[in-house]
Amino acid sequence: MEQFRICKNCDFPGVYAILNTNNNKIYIGSSRNIKERLYNHKPLLNHGKNKVKEMQDDYNKGNKFIAYVISPVRVRDEKYLKYDDLRYFERKAIEKFNATDSEIGYNKKLDTGSKRLIEDRNIEYAQADFDLFRNQKHYGYLQEKSAWNIERKRFVKKVMNA
């Protein structure tokens with residue numbers, strides 16, 4: 001597996017996650033073109049220039065990352081409001097995933113924009129899948145390493161094929 005894998009078919013606006021598959025820490029972001037944004041993250045990590053120091057440190061240690069879509073977002077056409085929806089849903093995902101907790105995520109703050117409520121369901125489903133995946137190891141549901149590896153592969157396949 002390459003060190004930074006990016007989901008296929010994600011060239012649309014939405015909220016995305018970058019998951020460290022070694023320690024299960026997560027970074028939440030948003031973009032008008034997820035694929036393009038993720039391809040911007042990759043060289044920054046490769047050249048040691050990512051602004052998220054903890055994520056860069058983990059990458060430098062050889063940790064593996066996957067980047068996938070949490071939720072597509074419809075972007076409004078109004079000239080001055082086009083980023084409001086993205087920022088709102090990014091903030092909601094950061095809250096739901098608890099990504100500002102340094103034990104869980106790489107995000108530093110929640111201040112990403114307006115306060116609206118539309119597509120929370122997708123974020124909640126993605127967060128529930130992630131919690132199920134993370135808790136199976138954390139709470140000892142999967143004691144054997146081989147069982148954990150099977151579950152990790154299932155999760156990676158599910159999110160990367162979305």
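(A) Representation of the side chain of Asp 58 in the model. Mapping Asp 58 onto the fold places it in helix H2 (residues 53-60). Reaching out from Asp 58, the side chain makes a polar contact with the side chain of Asn 23 at a distance of 3.1 Å. Other than its neighbours up to four places away in sequence, Asp 58 contacts Asn 20, Asn 23, Lys 25, Asn 63, Phe 65 and Tyr 106.

(B) Expanded view of the environment of Gly 48. Its place among the elements puts Gly 48 in the loop between helix H1 (34-46) and H2. Since its relative accessible area comes to 44%, Gly 48 is described here as partly exposed.

(C) Structural detail: the pairing of strand S4 (residues 65-72). Within S4, 7 of the 8 residues are buried, which leaves the element mostly enclosed by the surrounding structure. The pairing of strand S1 (residues 4-6) with S4 spans 3 bridges and is parallel. Looking at the pairing, Phe 4 lines up with Phe 65 of S4. Two strands pair when backbone bridges link them, and strand S2 (residues 14-20) and S4 are joined in this way by 7 bridges, in the antiparallel orientation. Its bridge partner being in S4, Asn 20 is matched across the sheet by Phe 65.

(D) Up close: the environment of Ala 99. Mapped onto the fold, Ala 99 is located in the loop between helix H3 (84-97) and helix H4 (120-138). For the pair formed by Ala 99 and Lys 25, sequence separation is 74 residues and the distance between their alpha carbons is 8.0 Å. Non-local contacts of Ala 99, meaning those with residues more than four positions away in its chain, are made with Ile 26, Ile 28, Ile 94, Gly 105, Tyr 106 and Asn 107.

(E) Here's a closer look at the pattern of salt bridges. Within the structure shown, the criterion is met by 5 salt bridges. Its salt-bridge partner being Lys 53, residue Asp 57 comes within 2.8 Å of it at the nearest N-O pair. Taken together, the residues Asp 57 and Lys 53, both in helix H2 and 4 residues apart, mark about one turn of the helix. For Lys 53, a relative accessible area of 53% gives the class exposed. Among the ionic pairs, Glu 54 bridges to Lys 108, the shortest N-O distance being 3.1 Å. In this pair, Glu 54 sits in helix H2 while Lys 108 sits in the loop between H3 and H4, placing the two residues 54 residues apart along the sequence. We classify Lys 108 as exposed; its relative accessible area is 59%.

Thresholds applied
Residues numbered from 1 in each chain as written. Predicted model: local features only at pLDDT ≥ 70, side-chain atom pairs only at ≥ 80, totals over all residues. Heavy atoms only, no water. Helix = DSSP H or I, 4+ residues; strand = E, 2+ residues; numbered from the N terminus. Polar contact = N/O pair within 3.5 Å; in protein donor to acceptor, adjacent residues only side chain to side chain. Contact = heavy atoms within 4.5 Å. Buried < 20%, exposed > 50% of the residue type's maximum accessible area, 1.4 Å probe, protein only. Pairing = 2+ DSSP bridges. Salt bridge = Lys/Arg side-chain N within 4 Å of Asp/Glu carboxyl O.

Honestly, that's just the spatial picture; any functional story needs more than this.
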